[in-house]
Amino acid sequence: MSNLSAVSDVSSVATVVVPESVRFRAACPDCRARFELAAGAIRLAIGATSRTTFYSFTCPECDAAVRRPAGERIVELLTDGGVRTLRLHTRP
């Protein structure tokens, strides 16, 4: 059983349908393996600057935690592909 909750007012909620077949090519800087990852295996953090905007994943070959910078085009591709996004906020 999944942990999904129902939305009562569906008309006011924007829905993006992403096929489960969306995959992203990636590489591990530690073991140098190349592979494809599903959107659910990647996390995207969007910060106030390019230094605080990045994506991360765990290498399926060596279990290394990988963190890579994400420019505007990468952010667009990942968000359009259904990658979960965390928006980082800075205090004024």
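Residues numbered from 1 in each chain as written. Predicted model: local features only at pLDDT ≥ 70, side-chain atom pairs only at ≥ 80, totals over all residues. Heavy atoms only, no water.

Draft legend 1. Quick peek at the packing of aromatic side chains. Under the defined criterion, the tally for this structure stands at two aromatic pairs. Pairing Phe-35 with Phe-57 gives two aromatic rings, centres 5.9 Å apart and planes at 75°, and the pair type is edge-to-face. Of this pair, Phe-35 sits in strand 2 (residues 34-38) while Phe-57 sits in strand 4 (residues 54-58); the two residues are 22 residues apart in sequence, bridging distant segments of the chain. Assessed through its relative accessible area of 6%, Phe-57 is described here as buried. Ring centres of Tyr-55 and Phe-57 lie 6.3 Å apart, and the angle between their planes is 20°; on these two criteria the pair is classed as stacked. In textbook terms, an aromatic cluster arises when at least three aromatic residues are bridged by ring pairs, as seen for Phe-35, Tyr-55 and Phe-57. (Phe/Tyr/Trp six-rings, centres within 6.5 Å; stacked < 30°, edge-to-face > 60°. Helix = DSSP H or I, 4+ residues; strand = E, 2+ residues; numbered from the N terminus. Buried < 20%, exposed > 50% of the residue type's maximum accessible area, 1.4 Å probe, protein only.)

Draft legend 2. Main features of the nonpolar core. Formed by 19 residues in total, the largest nonpolar core has its most connected members in Phe-35, Ile-42, Leu-44, Tyr-55, Phe-57, Leu-78 and Val-83. Residue assignment for this core shows that the elements contributing at least two residues are strand 1 (23-27), strand 2, strand 3 (43-46), strand 4 and helix 1 (72-80). Those residues within four positions of Phe-35 in sequence are excluded, and the remaining contacts are Phe-24, Arg-25, Ala-26, Ala-27, Cys-28, Phe-57, Cys-59, Pro-60 and Glu-61. (Core = buried A, V, L, I, M, F, W, Y, C linked by side-chain atoms within 4.5 Å. Contact = heavy atoms within 4.5 Å.)

Draft legend 3. The confidence of the model for the protein chain, seen in detail. In this model, the protein chain carries a mean pLDDT of 82, and residues with pLDDT of at least 70 account for 75%. Least confident of the elements in the protein chain is strand 6 (residues 84-87), whose mean pLDDT is 92; most confident is strand 4, at 97. Predicted confidence is poor over residues 1-15, with pLDDT under 50, and the contacts of this stretch with residues over four places away or in other chains come to one contact. (pLDDT = per-residue confidence, 0-100.)

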